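Residues per chain, in single letters:
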Amino acid sequence: MNLRRAAATLVACCSLMVAPSCREIVDYRDTPPPGSQASIVWERTPGLVGEAILTLRIDQTGILYAGTDRGKLFRSVTDGNDWTPLPLPVPDGAITAIIVDPFRRMFVANDIHGILESIDGGVSWIGINGGLEDTAIYALAYLPTGALIAGSARGDISVTGDGSAIWTSSFSLGR
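Reading the values: rules and limits
Positions within a chain are numbered from 1, following the residues in the order the chain's sequence is written. Restriction of local features to residues with pLDDT of at least 70 applies here, the model being predicted, together with a cutoff of 80 or more for giving and counting side-chain atom pairs; totals for whole chains, interfaces and linings are based on all residues. Note: side-chain values were computed over all heavy atoms of the structure, leaving out hydrogens and water. The term salt bridge refers to a side-chain nitrogen of Lys or Arg lying within 4 Å of a carboxyl oxygen of Asp or Glu. Throughout this description, buried means an accessible area under 20% of the type-specific maximum (1.4 Å probe, protein chains only), exposed means over 50%, and partly exposed covers the range between. For two strands to pair, DSSP has to find at least two bridges joining them. Runs of E in the DSSP output that reach at least two residues are strands. Runs of H or I that reach at least four are helices, and both are numbered from the N terminus.

Undergrad: What should I look at first to understand the pattern of salt bridges in this one?
TA: Should their charged atoms come close, side chains of opposite charge can pair. Evaluated as defined, the whole model comprises seven salt bridges. Note that Asp 156 and Arg 154 form a salt bridge whose closest N and O atoms lie 2.8 Å from each other. Exposure remark for Asp 156: the relative accessible area of 3% places this residue in the buried category. Owing to a relative accessible area of 38%, Arg 154 belongs among the partly exposed residues under this scheme. Members of the salt-bridge network, linked through shared partners, are Glu 51, Arg 70 and Lys 72.

Pasting the structure below:
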């Protein structure tokens, strides 16, 4: 790919510093990036300026959620162009994982306060840490059976048998 063609594939509608609503498009259709098998086109959205995003999740309806290193949770219904903060009852810690199950329950993992659940789209939250030995949670998974699996900082893997608020330690990588 020559330099002129490469420049033509990088389209910047304007500087993100001047007008944050603009998008930058990088087109790799002709030459996929190293290690990629398929063509890829990335668009830079305004994002969450000043936030370190640790986790992203999209639900079945297309709503995008972002969790940050400073314990903030955001929602976007515009593919990341605009973000609305969601209130969390914990003042600190990082949001390390987000799960939205088929019933639209949200689960958020925090590296200090454990796991929070919302059944109303993030308006209100409850802690669901019953049985967790370590509340520094860094990973969450949802199984088709409805069970949740949580991974902690010290290597504990805990599971809820049925998606309830009670956890049992099923395995530990650290012991």
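Undergrad: When you look at the sheet that holds strand E11 (residues 126–127) in this model, what are you seeing that I'm missing?
TA: Strand pairing in a sheet takes place through backbone hydrogen bonds and is either antiparallel or parallel in direction. Taken together, four strands build an open sheet; the order of strands is E8-E9-E10-E11 and the sheet is antiparallel. Single-partner strands in this sheet number two, and they are strand E8 (95–100) and E11.

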